[in-house]
Amino acid sequence: MQVVKKETLLDRWLLQGEMAWDKRLNDAARRIGWFLLNRVNQDTGTCWPSYECLAEEKTLA
């Protein structure tokens, strides 16, 4: 897989803002989105957390 554009901190910040105001998302979806954005691999642009990692995350509760 080839990464076309490296994500910047500003890109992440803007996407978090969009998630915060999106009326289609409930609180759980926003928390999971935040969790995933903060675990994106900066070198590859991918994010593959395990189910165990998701289950153990305290900010998702």
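Above this text is the structure in question.
Here is what the cut-offs are and how they apply
Residues numbered from 1 in each chain as written. Predicted model: local features only at pLDDT ≥ 70, side-chain atom pairs only at ≥ 80, totals over all residues. Heavy atoms only, no water. Helix = DSSP H or I, 4+ residues; strand = E, 2+ residues; numbered from the N terminus. Buried < 20%, exposed > 50% of the residue type's maximum accessible area, 1.4 Å probe, protein only. Contact = heavy atoms within 4.5 Å. Areas by Shrake-Rupley, 256 points an atom, 1.4 Å probe, with all protein chains shown as cover. Polar contact = N/O pair within 3.5 Å; in protein donor to acceptor, adjacent residues only side chain to side chain.

A. The arrangement of the overall build of the chain in detail. Along its length, the chain carries three helices and zero strands. Helices (α) and strands (β) of the chain occur, in sequence order from the N terminus, as α-α-α. Of all 61 residues assigned to the chain, the portion counted as buried reaches 16%. A sequence separation of at least 24 residues applies to 43% of the contacts in the chain between residues at least 6 apart. Carbon together with sulfur atoms contributes 61% to the accessible area of the chain, which is approximately 5,200 Å² in total.

B. Quick look at helix 2 (residues 27–37). Turning to helix 2, its buried residues number three or more, namely Gly 33, Phe 35 and Leu 37. Buried residues along helix 2 sit against helix 1 (9–21) and helix 3 (51–56). Measuring from the side-chain oxygen of the N-cap residue of helix 2 to the backbone nitrogen of Ala 28 gives 3.2 Å; that N-cap residue is Asn 26.

C. Molecular detail of the side chain of Thr 46. As for its position among the elements, Thr 46 is in the loop between helix 2 and helix 3. At 2.7 Å, the side chain of Thr 46 forms a polar contact with the side chain of Thr 44.

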